[in-house]
Amino acid sequence: MTDEMNPESEASPVAPTAAATAISEVEAQGRAPRRVRALIGYDAIALLALSALHLFANLNLIPAWWRIATVTKRGAALLHSVGLPAPATNALALMRDPARWLIVGTIIGLAVLYLVLDLILRSRPSPSRHGGWLRATLFTALLWFAVGHPLIGQIWLRANVDRARFAHDGGVLQTEIAALGLLEGQNPYGRDYSKTPMARSGYSGSGNWRWMGYRQNPALRHYPYLPLTFLAALPGIEIASWFGARWDQRGLYALAFLALIVLVGALAPPGEQRRLAVALVALNPLLIHDLVRGYSDILGLALLVASLVALRQRRIALASALLGAACATKPFAWLVVPFFVALWLGERRRQTPRPSHLSGLSPLWPGLVVVLVLVLPFCIWDLRAFVGDIFAFNAGTASLPADRYPIRGFHGYGLAAWLLYVGAVDSVRASFPFVLVQVLVVAPILWFGGKRLLIAPRSAELEPSGPELGGAGTDLDVAGAELGVAALLGWSVAALALFFVTARFLHLNYLTYLLVLATTAIAAGWREELSGRCRPRRA
């Protein structure tokens, strides 16, 4: 370290370089908030708030082992032998279940302990060598009681009580049936699921659909997910069979959940901001609900965020392949593709004067290859069935009203709910050009956001400061500066939000998708603000 950069050296008449000034500005910006929140960290406050919010949102998904044990005769006999009563099944007795509230109290208690630990660690004059391990231990324990406990409980109940209950009908039941049927040579698309365990699920009960004019759940005639959703279940089914067990698709979703936590942490800067980002994702009540119930969105989310991590590392072929895999789970990731391509082409334009568009797109081929390998075989197998299940059923363009998913779905959000309310459509089974509306409202965002990422990406708005940064006044990308992943995610969230609001139906798990991506965008933005030794361009 030179005397000019060493704060302990004697004062030097040499003025600090522009690069040193820029570094000082960035470091000062990173330290300024700490003086405001030095007493308690935002991560500790968020952990306590999310724990309380999670309990209100997911109380019915916390099956205490006390109540689980009474489901089987063996468990009830065990409780009776030690003098413990089996709780009744009515709602009042369920709310008085002591074991349930023991879990609830444990979750809140762990969050409080984390806050106290954070207060102690911040009051120390020097960093603690064991502070990180203590934080991680408390957070892991809290995550187990808030997520792992209800997840394993639901899987256990389904395995020991009823295979057609305690799970989402599409993301778990139908997906497992589709995968098992594929092993027997049956096409998952165009198949009749009315004679499978899915028909016995509570969601598929005829009473849930007759009031809307359906004889049965229309999903019993359609598999609405893209191929990777059930193809990803095949390894788990095979491994479970080695041990004589039956696979539960939520095992895969749990792995995707853990990967998602790690990946979001990788996008955020180290320290308090990383812990806050991880807490906002891991204890998101909607995400926990979707995981425990078994919604398939989390698989595509994990693949999409993994793609962005690879993009930030400039491993474009891997990023493209992972994005292609995400696009082969659900169409949500499709809206990210234009922004992904625009960001990469903008990066190429900064690095290479007058680049060839063909050479700029060549690293993106792996994503297209992944999509074709996963999707094309099923299109060849039965194109009409594939299009009918994936597009006509979801968009409501099928010729028969019974083959259209109901307008508004079950929750009644977005444009669809207003159209029903004002009488613009006379039935939930009616055909309405929602796709045209979606194109009209989403296309301007795709065009404007893509243009911004292509012409003026983030690092083009920064000016190198000093000879070691490439020379003042140049527009070359600065070594160490981040790609504009946060901007990419921001535009993607905006496009998806408009896409969901104007869709034929808007479900709560779609809002989960948006919240997780928005949290990831914020985490990526924190890191990009402190990455690279840059300062804003002078006017």
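Quantities reported herein were computed from a predicted structural model and do not represent experimental measurements.

Helices and strands together make up the secondary structure of the chain, namely 24 helices and two strands. Split into buried and exposed, the 539 residues of the chain put 49% on the buried side. Within the chain, contacts between residues at least 6 apart in sequence are counted, and of these 77% link residues at least 24 apart. Just so you have it, the chain exposes about 26,000 Å², and 66% of that area is on carbon and sulfur atoms.

For the chain, per-residue confidence averages 81 on the pLDDT scale, and 77% of positions sit at 70 or higher. Across residues 1–37, where pLDDT falls below 50, the model places 24 contacts with residues more than four positions away in sequence or in other chains. Every residue in residues 88–92 scores below 50 in pLDDT, and together they form one contact with partners more than four places removed in sequence or on other chains.

Residue placement: Arg404 occurs in the loop between α20 (383–395) and α21 (414–422). Despite its burial, Arg404 pairs with no opposite charge, the nearest such side chain being Asp403 at 8.1 Å.

Over its 17 residues, helix α2 (residues 42–58) extends 23 Å from the first C-alpha to the last, a length consistent with the 24 Å expected when each residue adds 1.5 Å. Residues of α2 that are buried: Asp43, Ala44, Ala46, Leu47, Leu50, Ser51, His54, Leu55 and Asn58. End-on, the buried residues of α2 take up no more than an arc of 165 degrees, which puts them together on one face.

For the coordinates displayed, the defined rule picks out 13 salt bridges. Here Arg122 and Asp118 are joined by a salt bridge, their closest N and O atoms 3.1 Å apart. Linking Arg122 with Asp118, this pair stays in helix α6 (residues 98–123), spanning four residues, or about one helical turn. Neither residue differs from the other here; Arg122 and Asp118 are each classed as buried. Of the charged contacts in the structure, one is a salt bridge between Glu347 and Arg314, with a shortest N-O distance of 3.0 Å. Of this pair, Glu347 sits in helix α17 (residues 337–351) while Arg314 is found in the loop between α15 (297–312) and α16 (316–327), placing the two residues 33 residues apart along the sequence.

Across all of its chains, the model carries 23 aromatic pairs by this definition. Ring centres of Tyr189 and Tyr223 lie 5.8 Å apart, and the angle between their planes is 65 degrees; on these two criteria the pair is classed as edge-to-face. With a gap of 34 residues between them, Tyr189 in the loop between α8 (169–183) and α9 (207–210) and Tyr223 in the loop between α9 and α10 (228–231) connect regions that are remote in the sequence. In this pair, the class of Tyr189 matches that of Tyr223, namely buried. Pairing Tyr203 with Trp209 gives two aromatic rings, centres 5.7 Å apart and planes at 85 degrees, and the pair type is edge-to-face. Counting every residue linked through ring pairs, the aromatic cluster contains Tyr203, Trp209, Tyr214, Phe332, Phe393, Tyr405, Phe499, Phe500, Phe505, Tyr510 and Tyr513. A cation sits over an aromatic face here: Arg429 above Tyr214, 5.7 Å from the ring centre.

With that out of the way, let us pick up the environment of Ile120. Residue placement: Ile120 occurs in helix α6. Between the C-alpha atom of Ile120 and that of Ile40, which follows or precedes it by 80 residues, the distance is 9.1 Å.

A few words on the environment of Thr329. Along the chain, Thr329 turns up in the loop between α16 and α17. When the C-alpha atoms of Thr329 and Leu301 are compared, they prove to be 9.5 Å apart, with 28 residues separating the residues in sequence. For Thr329, the residues in contact, after removing those within four places along its chain, are Tyr225, Leu226, Leu228, Thr229, Leu299, Gly300 and Leu303.

Taken N-terminus to C-terminus, the directions of helix α12 (residues 250–267) and helix α14 (residues 285–293) make an angle of 150 degrees; their axes are 9 Å apart at the nearest point. Classified by the angle their axes make, α12 and α14 are roughly antiparallel. In this structure, α12 contributes Arg250, Tyr253, Ala254, Phe257 and Leu260 to the contact, and α14 contributes Leu287, Leu291, Val292 and Arg293. Partitioned by chemical class, the residues of the contact of α12 with α14 number seven nonpolar, no polar and two charged.

Taking the relative accessible area as the measure of exposure, Glu347 reaches 1% and is therefore buried. Among the polar contacts listed, one links the side chain of Glu347 to the side chain of Arg314, at a separation of 3.0 Å.

We now examine α21. Along α21, the positions that sit buried rather than exposed are Ala416, Ala417 and Leu419. The buried residues of α21 occupy one face: seen down the axis, they fall within an arc of 160 degrees. For α21, the exposed residues set more than 90 degrees away from the buried face come down to Trp418, Tyr421 and Val422. Packing partners of the buried residues in α21 comprise α22 (434–455).

Calculation rules
- Residues numbered from 1 in each chain as written.
- Predicted model: local features only at pLDDT ≥ 70, side-chain atom pairs only at ≥ 80, totals over all residues.
- Heavy atoms only, no water.
- Helix = DSSP H or I, 4+ residues; strand = E, 2+ residues; numbered from the N terminus.
- Buried < 20%, exposed > 50% of the residue type's maximum accessible area, 1.4 Å probe, protein only.
- Contact = heavy atoms within 4.5 Å.
- Areas by Shrake-Rupley, 256 points an atom, 1.4 Å probe, with all protein chains shown as cover.
- pLDDT = per-residue confidence, 0-100.
- Lys, Arg positive; Asp, Glu negative; His and termini not counted.
- Salt bridge = Lys/Arg side-chain N within 4 Å of Asp/Glu carboxyl O.
- Expected span 1.5 Å × (residues − 1).
- Arc of directions from axis to C-beta.
- Phe/Tyr/Trp six-rings, centres within 6.5 Å; stacked < 30°, edge-to-face > 60°.
- Lys NZ or Arg CZ within 6 Å of the ring centre and 35° of its normal.
- Axes fitted to C-alpha atoms, helices over the stretch in contact; angles between N-to-C directions.
- Parallel < 35°, antiparallel > 145°, perpendicular 65-115°, else oblique.
- Nonpolar A, V, L, I, M, F, W, Y, C, P; charged D, E, K, R; others polar.
- Polar contact = N/O pair within 3.5 Å; in protein donor to acceptor, adjacent residues only side chain to side chain.

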